[in-house]
Amino acid sequence: MEHTRPQISLFHLTFDLSILLTTTIVAIIVFLIAYLLTKNSSIHTPNKWQNLMEWILEFVKDIMNNSIGNSNNLFILSTGVVLLMYLLISNLLGVPFLIVTTEEHPVSWWKSPTADAHVTMTLAIMIIAYTHFIDIRMNGFKHFALSFFKPFTFFFPINAVEQLATTLTLGLRLFGNIYAGEILLALLANAVNHGFIVAALASIPMLIWQAFCIFIGAIQAYIFVTLTMVYIAHRLT
């Protein structure tokens, strides 16, 4: 269970190579899925892959409409679709297997990127900043600035703290669920080192827990996108 991260320092900054690797792979997978599902799209005779992409679009649009109201804002819709696909794949990336070197000091190279708090908190900060950007873009900077002083001027500290608390809960909720799932998977996988009988007994719980992790990963992606739409709606009111 004890392992380090493959890190390098560049320009006085420390980079985690495993996070760079997995986040890049997820981005490539999302791009390829979106490209392949829409490659031969047609208005008159849509194929099954196009139907799948349209179902994803409708799914996110329903989330957006339930949070914001009937809206055809493609800018927000496209953000929700990409976010849902990216988070779903990120949450599931470490479920099938983990890659940890077997050296004297093991190094973890492969896991779900969202099992790292740096990734989830960065996503949360980006989403909160995005909601502020949407507010300024659609209502102007004056509406954005005055929103911190509603319903009364002395509510400014509370509204400011609310943004910080929202960012923390959004990022840590995702991190906690994915990290906890992978910790238990690693514990079950470690049973292989304790003999055939122990490994055989641990195999069934591991399969059950992997299925549960897939469920949790999908739910957490859905919750993250839903909360994003709720926060956007909150900024627009």
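Reference entry: report on the structure contained in this document. (Residues numbered from 1 in each chain as written. Predicted model: local features only at pLDDT ≥ 70, side-chain atom pairs only at ≥ 80, totals over all residues. Heavy atoms only, no water.)

## Considering the overall build of the protein
Let me state the cut-off plainly: Runs of E in the DSSP output that reach at least two residues are strands. Runs of H or I that reach at least four are helices, and both are numbered from the N terminus. Throughout, a contact is declared for two residues whenever any of their heavy atoms are within 4.5 Å. Throughout, the Shrake-Rupley method with a 1.4 Å probe supplies accessible areas, and for residues the shown protein chains are the sole cover considered.
Regarding its fold elements, the protein presents 7 helices and 4 strands. A separation of at least 24 residues holds for 69% of the contacts in the protein among residues at least 6 apart in sequence. Split by element, the accessible area of the protein, about 14,100 Å² in all, is 72% carbon and sulfur.

## What about the pattern of salt bridges?
Where we set the bar: We define a salt bridge as a side-chain nitrogen of Lys or Arg found within 4 Å of a carboxyl oxygen belonging to Asp or Glu. With a 1.4 Å probe rolled over the protein chains alone, any residue whose accessible area is under 20% of its type maximum counts as buried; one over 50% counts as exposed, and the rest are partly exposed.
Considering all chains together, one arrives at 2 salt bridges under this definition. For Asp116, the salt bridge identified is with Lys111, shortest N-O distance 3.9 Å. The residues Asp116 and Lys111 share a single accessibility class, namely buried. We note a salt bridge from Asp135 to Arg235, for which the minimum N-O separation is 3.4 Å. With Asp135 in helix α4 (residues 117-139) and Arg235 in helix α7 (residues 196-236), this pair connects stretches of sequence that are 100 residues apart. Residues Asp135 and Arg235 agree in their burial class; the two are buried.

## With respect to α4
Two residues of an α-helix separated by three or four positions point the same way, owing to the 3.6 residues in each turn. The line we're drawing: The span expected for a helix works out to 1.5 Å for each residue beyond the first. Contacts described as polar in this section are N or O atom pairs within 3.5 Å, which, within protein, must combine one atom able to donate a hydrogen with one able to accept it, while residues neighboring in sequence count only if both atoms come from side chains.
Across its 23 residues, α4 extends 33 Å between first and last C-alpha, which sits within 8% of the 33 Å expected from 1.5 Å per residue. By the N-cap criterion, in which a side-chain oxygen at the helix start approaches the backbone nitrogen of a residue two or three places on, α4 is capped by Asp116, the distance to His118 being 2.7 Å. Following α4 by one or two positions, Gly140 has its phi on the positive side, about 90 degrees.

## Considering the nonpolar core
For the record, the criterion: By nonpolar core we mean a set of buried residues, namely Ala, Val, Leu, Ile, Met, Phe, Trp, Tyr and Cys, connected to one another through side-chain atoms within 4.5 Å.
If you look at the biggest cluster of nonpolar residues, it comprises 38 residues, and the most contacted ones within it are Ile76, Val81, Leu87, Leu170, Phe224 and Met229. Within the residue set of this core, elements represented by two or more residues are α1 (17-37), α2 (48-68), α3 (74-92), α4, α6 (156-189) and α7. The element contributing the most residues to this core is α3, with 9 residues. If we skip the residues at most four places from it in the chain, Phe224 touches Leu83, Leu87, Leu123, Ala124, Ile127, Leu170 and Leu174.

## Points about the layout of surface pockets
Here is the rule we go by: With a 1 Å grid laid over protein atoms only, a set of points is called a cavity when a 1.4 Å probe fits there but cannot get out and a pocket when it is open yet has protein on both sides within 12 Å along at least five of seven lines; lining residues have an atom within 4 Å of a point. Grid points are joined across faces, edges and corners, and a volume is the space filled by probe spheres set on the points. Three classes are used, and their members are as follows: Ala, Val, Leu, Ile, Met, Phe, Trp, Tyr, Cys and Pro are nonpolar, Asp, Glu, Lys and Arg are charged, and the others, Gly among them, are polar.
Its volume calculated, the second largest pocket comes out at about 290 Å³. If you trace the second largest pocket, you find it lined by Ile33, Trp55, Ile56, Phe59, Leu84, Met85, Leu88, Ile89, Phe215, Ala218, Ile219 and Tyr222. Counting residues per element, the ones that place at least two in the lining of the second largest pocket are α2, α3 and α7. Here the lining of the second largest pocket is composed, by residue class, of 12 nonpolar, no polar and no charged.

## So, empty space enclosed by the protein
Over the atoms rolls a probe the size of a water molecule, and in doing so it shows where empty space is left. Overall, the coordinates contain 1 cavity of 30 Å³ or more when judged by the stated rule. Estimates place the volume of the largest cavity at around 30 Å³. Taken together, Leu170, Arg173, Leu174, Gln220, Ile223, Phe224 and Leu227 form the lining of the largest cavity. When contributions to the lining of the largest cavity are tallied by element, the ones reaching two or more residues are α6 and α7. Of all the elements, α7 adds the most residues to the lining of the largest cavity, at 4 residues.

## Considerations on the packing of aromatic side chains
Two measures describe an aromatic ring pair: the distance that separates the ring centres and the angle between the ring planes. Note the following rule: Think of it this way: a Phe, Tyr or Trp ring, Trp meaning its six-membered ring, pairs with another when their centres are within 6.5 Å, and the plane angle makes it stacked under 30 degrees, edge-to-face over 60, tilted otherwise. Here, over-ring charges are defined by two tests on the NZ atom of lysine or the CZ atom of arginine: distance to the ring centre within 6 Å, and angle to the ring normal within 35 degrees.
A full pass over the atoms with the stated rule returns 11 aromatic pairs. Ring centres of Phe31 and Tyr35 lie 6.5 Å apart, and the angle between their planes is 10 degrees; this geometry places the pair in the stacked category. Of the two residues, Phe31 and Tyr35 both sit in helix α1, 4 residues apart, roughly one turn of that helix. On the numbers, 5.4 Å between centres and 20 degrees between planes, the contact of Trp55 with Phe59 is stacked. Taken together, the residues Trp55 and Phe59, both in helix α2 and 4 residues apart, mark about one turn of the helix. By the ring-pair criterion, three or more aromatic residues cluster together here, those being Phe141, Phe144, Phe148, Phe149 and Phe156. Positioned above the aromatic ring of Phe75, the side-chain terminus of Arg137 is 4.3 Å from the ring centre.

So, to be careful, I would describe these as geometric facts and stop short of saying anything about function.
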